[in-house]
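# Close look at the chain arrangement
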Amino acid sequence: MSLATIILAAGQGKRMQSDLPKVLHEVGNASMLAHVMATSRQLDAERCVVVVGHGAEAVTAAVHDIDPDVEIAMQTNQNGTGHAVAQAMPALAGFSGDVLVLYGDTPLITPEAITQMQAARESGAAVVVLGFQNPPGGYGRLVCDVLGALEAIVEAKDADPGTYALTLCNSGVMLAAGDLMAELVAGLAPSATTDELYLTDIVAAARTLNLPCAVVECDAAETEGVNSRADLARVEAAFQARARARALADGVTMQAPETVLFSQDTALGRDVVVEPNVIFAAGVSVESGARIRAFSHLEGCHVAADAIVGPFARLRPGAEIGVGAKIGNFVEIKEAIIEDGAKVNHLSYVGDAIIGARSNIGAGTIFCNYDGVFKHQAVLGEDVFIGSNSSLVSPVTIGNGAMVGSGSVITSNVAAGDLAISRGRQVNKPGLGAKFMARLRAMKTAGKRP
Ligand code: UD1
Ligand code: CA
């Protein structure tokens, strides 16, 4: 059965107290909407329609930034989830498969849960709802008959005490044939309490037509919806727990996984070791056997096999760390390629540079890449040695096997094999140190100052 998805993302999310539309708030450094769109992609949905309304311009831009093929449906007034789905149906006219409704504010649903819903459809249910167990609270309640077949969904605010006490809740995710979904949402009547069209009412409507409805239950960690910042923090925690469990299952060693933060797109290879208190911001991949030592922060970078990064290293976007390379403590790397086996071990800034294989960058070396207006690049060959506390003023090129004496400020190119030194020449005055010190001590004894 072919599949189309409708992602509801028009709501304002008043309780977020935010200028940003709710679905653009991030979990694991990706918008909640990006998570839901990823689920749709993983399900191989043929079509995907996102319903936008509040903050439509920003939400549409975010959608097309991720996938220009996703369609947009406009819901000018947010008249409820049923009304939102109705706005998406015209975009799917002529589509003959099943339609899955996902919520932009419920980002942790797994494709596995949806696969179970598809199985329930195959066993004859006309409408399948994804449910979960939750202590009585704000979610809609799933009312079932004695055999467990779904009869209706009742919103918490409309529930009588008996229904309110039910613990089987509505995640919002629903699956039905596209033509049935279109027919049912077209027939919705406004809620007596809020005047909105509730998508949840399609279950009772299907039952009046004698169509069987079913619930597929999944873990509550998947279905948590975000209405407030507190919910967002809870969902972030659930996301992190899942990302850590996946990394461990995939062969990553972590001594204190609870202190490591992941992003939606973090990719770690087998036998990567991640020490405590490491943060993977967006866009990081680390290959097999690399070690990310404690308190490092990585973003938009790639670490090749067997490299060692940290402790206390910062890899910024565009950092490309080669096989077996070493990036040590208090080193910041931005937009730079550190080729295989090169070392930047202590207290350095490397920005806009290429460092050739096996080169060694001494402690405290600074790549001066910015002149106040433009950024410039430094290109270092293989087996280069830069003495400690040097400044390389870009643009500058240093050839293979060249050396730079420590404390140098390098402003012109250094040819392969050359030694460059640029600093004041050292002068030694015999005996003067001891003489000078004796004079200072005598002054102090006499209660004087120099
Ligand atoms: C909804 C369900 C509730 C379920 C809960 C799960 C209804 C009536 N209620 O309640 O049973 O337990 O989700 O999280 O469906 N949206 C639109 N247009 C609208 C209204 C909402 O696009 O006019 C979008 C929102 O952006 C959001 C999603 O639909 O992504 C859910 O809307 P929300 O108002 O949060 O629904 P709940 O009250 O949480
Ligand atoms: Ca909600």
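Residues numbered from 1 in each chain as written. Chains lettered and ligands numbered in written order. Predicted model: local features only at pLDDT ≥ 70, side-chain atom pairs only at ≥ 80, totals over all residues. Heavy atoms only, no water.

## Section: empty space enclosed by the protein
We count it as follows: A cavity here means a set of 1 Å grid points, computed over protein atoms only, where a 1.4 Å probe fits but cannot escape. A pocket is an open set with protein on both sides within 12 Å along at least 5 of 7 lines, and lining residues have an atom within 4 Å of a point. Grid points are joined across faces, edges and corners, and a volume is the space filled by probe spheres set on the points. Strands here mean DSSP runs of E at least two residues long; helices mean DSSP runs of H or I at least four residues long; both are numbered from the N terminus. Charged residues are taken to be Asp, Glu, Lys and Arg, nonpolar residues to be Ala, Val, Leu, Ile, Met, Phe, Trp, Tyr, Cys and Pro, and polar residues to be all remaining types, Gly included.
What the rule picks out here adds up to one cavity of 30 Å³ or more. Roughly 30 Å³ of internal volume is contained in the largest cavity. Lining the largest cavity, in full, are Val36, Thr39, Leu102, Tyr103, Thr106, Pro107 and Ile109. For the lining of the largest cavity, the secondary-structure elements that each account for two or more residues are α1 (32-42) and β6 (98-103). Here the lining of the largest cavity is built from residues that sort into five nonpolar, two polar and no charged.

## A short note on the coordination of the calcium ion (ligand 2)
The test is simple: Shown as donors are all N, O and S atoms within 2.8 Å of a metal ion, widened to 3.2 Å for Na, K and Ca; because water is not in the atom set, sites may appear incomplete. Relative accessibility under 20% of the residue-type maximum defines a buried residue, over 50% an exposed one, and the middle range a partly exposed one, all with a 1.4 Å probe and only protein chains included.
Within the first shell, the calcium ion (ligand 2) binds the protein through Asp105 (OD) and Asn227 (OD1), at distances of 2.6 to 2.8 Å. Placement of the pair is aspartate 105 in the loop between β6 and α4 (111-122) and asparagine 227 in the loop between α8 (220-223) and α9 (229-249), with a sequence separation of 122 residues. Accessibility expressed as a relative area gives 14% for aspartate 105, which makes it buried. On the basis of relative accessible area, asparagine 227 is assigned to the partly exposed category, the value being 25%.

## Side note on a nonpolar patch on the surface
Where we set the bar: Patch membership requires over 30% relative accessible area and the absence of a salt bridge. Like charges are linked within 9 Å, and nonpolar side chains (Val, Leu, Ile, Met, Phe, Trp, Tyr) within 5 Å. Exposure was quantified through the Shrake-Rupley algorithm and a 1.4 Å probe, taking into account, for residues, occlusion by the shown protein chains and nothing else. Salt-bridge detection follows one rule: a side-chain nitrogen of Lys or Arg within 4 Å of a carboxyl oxygen of Asp or Glu.
On the surface, Phe295, Phe312, Phe330 and Leu347 cluster together into a nonpolar patch covering about 420 Å² of accessible area. Topologically, phenylalanine 330 is positioned in the loop between β23 (326-329) and β24 (332-338).

## Things to note about the site of ligand 1
To be explicit about the condition: A molecule or strand has a residue near it when one of that residue's heavy atoms lies within 4 Å. Polar contact is defined as a pair of N or O atoms within 3.5 Å, subject to the rule that within protein one atom must be able to donate a hydrogen and the other to accept it, and that residues adjacent in sequence are counted only when both atoms are side-chain atoms. Those molecules having more than half of their atoms within 2 Å of a cavity or pocket grid point set are described as sitting in that cavity or pocket.
Around ligand 1, the structure places 22 residues, and the nearest of them are Gln75, Gly80, Thr81, Glu155 and Asn170. Within the backbone of leucine 8, an N or O atom sits 3.0 Å from an oxygen atom of ligand 1. Interatomic distance of 3.4 Å between a backbone N/O atom of asparagine 79 and an oxygen atom of ligand 1. A total of 750 Å² of accessible area belongs to ligand 1 in isolation, and the protein chains cover 88% of it. Among the cavities detected, the one that contains ligand 1 is the largest pocket. Elements with a minimum of two residues in the shell around ligand 1: β1 (3-9), α3 (81-88) and β10 (168-177). Among the residues making up the shell around ligand 1, the classes are represented as seven nonpolar, 12 polar and three charged.

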